[in-house]
Amino acid sequence: MIIKELKLINHRNYENEDIIFHDNTNILVGKNAQGKTNLLEAIYICARGYSFKNLKEDELIKFDENRLYLKADILNNNRKKVVEIVLSKNDKKKIRINEVEVKNLSELKSQFGVVIFSPEEVLIVKETPQMRRRFIDDIISNNDISYKVYLNNYNKIRSQKNELLKKGSNVKYFDQILNTYNQKMVEYGSTIAIYRYKYLEILKKFASEFHYELSSNNEKLEIEYENNFASDFTNLESIRDDYAKILEENREKEIQRFVSIYGPHKDDILLNINGKEAKTFGSQGQQRTVMLSLKLGEARLIETITNTKPILLWDDVFSELDNTRASLLVEKSKNYQNIITTNSLINIDLTNMNGNIYTINNGKVKNERKKNGKEYTIW
């Protein structure tokens, strides 16, 4: 899958721009606050229907304008698809694929695969289990529509159960209601758990391989699914039995604490480098390499499941990477279409690069190529 062309009208600091992309590597160079990340964001919106920065839609529209228009020409298995997004301050969001209006975002996601790395995502390695749960949940949801249903149902039941626990056992029919909530939590939660386990098994295989290569064969990345309610995740019935048992055994504990203690809402993903916890003992460069390995692993996972290569979006990817790891990243991702933002080309070996270099200045894009060792502007 590749993006051939992108049109932006009134997106952030872009007034009216057309960008033609190379099928392999595209490097966007510019100073801070010139629009490099905004361009990646526009591609992501065309793929997902929303910004990876979780902003309100009004904030995406250029200042003093009322309407935003994005158009992406995508080539997927030699079939052209045109994705159009219209955001307006005065109307609801409109999405079209090949001039046919799309009502559900899941239809859009199935057309256009992307993997995004942004600097903030290093916090997935460094910070809370909630961020790591959200990371794996997003991967699963983008590849399996039904997963989001189980996740939403589970969170709804857990919220209702917590409200019941806060009110206390004096509530009429308390025991019967709690039994019902626990049964539903087992039903939805066990399915969530087996999804997470199976996807993580695929992800850790690929991510570990990439990390070993990106670290010049010096570091072993270990990924482990941590939970508090089951031991065997190869069988759904086994998970359900374990989960139901632990809820029953700890029924009084949850009543006394007024909250749901056990279930996939407490899951974590343990990330270790050479047997040591990455979030505690890893350097900034190592933590970033872990996250990059997870992203490359995600790309391979998507390719394995869908038989389609996603587009890789790398925002400020080279900061805090040494020259060796930066060059290895370019090498390991060359089988995909890459769109990379950077402030400088110093850490990038362009000798064998197959692609284009773009300079971005205040929402204006200039495409530059190398010819006989020199750069020249082609438009």
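Note that this is a predicted model, so its numbers are computed, not measured. (Residues numbered from 1 in each chain as written. Predicted model: local features only at pLDDT ≥ 70, side-chain atom pairs only at ≥ 80, totals over all residues. Heavy atoms only, no water.)

## Details of the sheet that holds strand 1 (residues 2-11)
Whether parallel or antiparallel, the strands of a sheet pair through hydrogen bonds between backbone atoms. Heads up, the rule is: Here, a strand pair is defined by DSSP locating no fewer than two bridges between the strands. Strands are runs of DSSP state E lasting at least 2 residues, helices are runs of H or I lasting at least 4, and numbering of each runs from the N terminus. It only takes one pair of heavy atoms within 4.5 Å for two residues to be counted as in contact. Orientation is described by axes fitted as lines to C-alpha atoms, over the contacting stretch for helices, and by angles from 0 to 180 degrees between their N-to-C directions.
Strand order in the open sheet made by the six strands is 2-1-4-5-6-7, with antiparallel pairing throughout. Here the strands that pair on one side only, and so sit at the sheet edges, are strand 2 (14-20) and strand 7 (100-101). When strand 5 (residues 79-88) meets strand 6 (residues 91-97), the two strands line up antiparallel, connected through five bridges. Paired with glutamate 84 across the bridge in strand 6 is arginine 96. The strands touched by helix 1 (residues 36-48) within the sheet are strand 1, strand 2, strand 4 (67-76) and strand 5, with strand 1 carrying the most contacts at an inclination of about 110°.

## Things to note about the packing of helix 10 (residues 284-306) against helix 11 (residues 323-332)
Note the following rule: Roughly parallel means an angle under 35 degrees; roughly antiparallel, over 145; roughly perpendicular, 65 to 115; everything else is oblique. We call Asp, Glu, Lys and Arg charged. Ala, Val, Leu, Ile, Met, Phe, Trp, Tyr, Cys and Pro are nonpolar, and the rest, Gly among them, are polar.
Remark: helix 10 packs on helix 11, axes separated minimally by 12 Å, with the N-to-C direction vectors making an angle of 0°. Classified by the angle between their axes, helix 10 and helix 11 sit roughly parallel to one another. Taking contact as the criterion, the partners of Gly285, Gln286, Thr289, Leu292 and Leu296 in helix 10 are, on helix 11, Arg325, Leu329 and Lys332. Of the residues that constitute the contact of helix 10 with helix 11, the class distribution is three nonpolar, three polar and two charged.

## Description of the pattern of salt bridges
The line we're drawing: The rule for a salt bridge is simple: a side-chain nitrogen of Lys or Arg has to be within 4 Å of a carboxyl oxygen of Asp or Glu. In this scheme, a residue with accessible area under 20% of its type's maximum is buried, one over 50% is exposed, and one in between is partly exposed, where area comes from a 1.4 Å probe on protein chains only.
Going through the model one piece at a time under the given rule, you end up with 26 salt bridges. For aspartate 18, the salt bridge goes to lysine 7, with nearest N and O atoms at 3.0 Å. With a gap of eleven residues between them, aspartate 18 in strand 2 and lysine 7 in strand 1 connect regions that are remote in the sequence. Here arginine 132 makes a salt bridge to aspartate 268, at a shortest N to O gap of 2.7 Å. Highlighted residues: arginine 132 in helix 4 (residues 129-143) and aspartate 268 in strand 10 (residues 268-273), separated in sequence by 136 residues. The exposure class of arginine 132 is buried, given its relative accessible area of 3%. Bridged by salt links that share partners, the residues Glu121, Lys295 and Glu298 form one connected network.

## Considerations on helix 10
Inclusion rule: Take the residue count of a helix, subtract one, and multiply by 1.5 Å to get its expected span.
Helix length check: helix 10 (23 residues) gives 33 Å between terminal C-alpha atoms against 33 Å at 1.5 Å per residue, within 8%. Asparagine 307 lies just past helix 10 and shows a positive phi near 60°.

## Notes on the side chain of arginine 288
Along the polypeptide, arginine 288 turns up in helix 10. Setting aside chain neighbours within four positions, we find arginine 288 in contact with Phe117, Pro119, Val122, Asp316, Val317, Phe318, Ser319, Glu320 and Leu321.

## Topic: helix 4
Taking 1.5 Å per residue as the helical rise, helix 4 with its 15 residues ought to reach 21 Å, and the 22 Å between its terminal C-alpha atoms agrees with that figure. When helix 4 is considered as a whole, its buried residues turn out to be Arg132, Arg133, Phe135, Ile136, Asp137, Ile139, Ile140, Ser141 and Asn142.

## Quick notes on the domain arrangement of the protein
Which entries qualify depends on this criterion: Here the bounds of each domain stem from an automatic or database domain assignment. Buried surface area refers to the total accessible area, computed with a probe of radius 1.4 Å, that the two partners give up upon joining, counted for both partners together. Whenever two N or O atoms come within 3.5 Å, that pair is a polar contact, provided that in protein one can donate a hydrogen and the other can accept it, and provided that, for residues adjacent in sequence, both atoms are side-chain atoms.
In terms of domains, the protein is made up of domain 1 (1-113 + 310-378) and domain 2 (118-307). Centre-to-centre, using C-alpha coordinates, domain 1 lies 30 Å away from domain 2. Buried area between domain 1 and domain 2, both sides added, is near 1,900 Å², and the carbon and sulfur share of it is 58%. Sorting the residues of domain 1 by area buried against domain 2 places Glu320, Arg325 and Lys332 first, and these three jointly supply 30% of that buried surface. Across the contact surface, domain 1 and domain 2 share three salt bridges. With a shortest N-O distance of 2.9 Å, arginine 325 and glutamate 219 are connected by a salt bridge. Across the domain 1-domain 2 interface, the total number found is six residue pairs in polar contact (both at pLDDT 80 or more). If you list the elements that add at least two residues to the side of domain 1 that touches domain 2, you get helix 2 (105-109), strand 12 (311-314) and helix 11. Tallied by class, the residues present in the side of domain 1 that touches domain 2 amount to eleven nonpolar, four polar and eight charged.

## Notes on the nonpolar core
In summary, soluble globular proteins display a tendency toward joint burial of nonpolar side chains. This is how the line gets drawn: Here, nonpolar core refers to any group of buried Ala, Val, Leu, Ile, Met, Phe, Trp, Tyr and Cys residues whose side-chain atoms link them within 4.5 Å.
Counting residues in each nonpolar core, the largest one holds 71 residues, and the members touching the most others are Phe229, Tyr243, Leu294 and Trp314. The element best represented in this core is helix 6 (residues 174-214), accounting for 16 residues. Among the domains, domain 1 (1-113 + 310-378) and domain 2 (118-307) are the pair contributing at least three residues each to this core. Dropping the residues within four chain positions of it, tyrosine 243 is found in contact with Tyr154, Met185, Val186, Gly189, Ser190, Phe229, Tyr262, Gly263 and Pro264. Counting 39 residues, the second-largest nonpolar core is a separate cluster that includes Met1, Leu39, Ile97 and Leu108.

## Overview of the sheet that holds strand 9 (residues 221-226)
The strand order 9-10-11 describes an open sheet built from three strands, whose pairing is antiparallel. On the outer flanks of this sheet lie strand 9 and strand 11 (276-277), each paired with one strand and no other. Of the pairings in the sheet, the one linking strand 9 to strand 10 comprises six bridges and is antiparallel in character. From the neighbouring strand, glutamate 222 faces strand 10, where its bridge partner is asparagine 272. The sheet strands contacting helix 10 are strand 9 and strand 10, and the helix crosses strand 10 at an angle near 120°.

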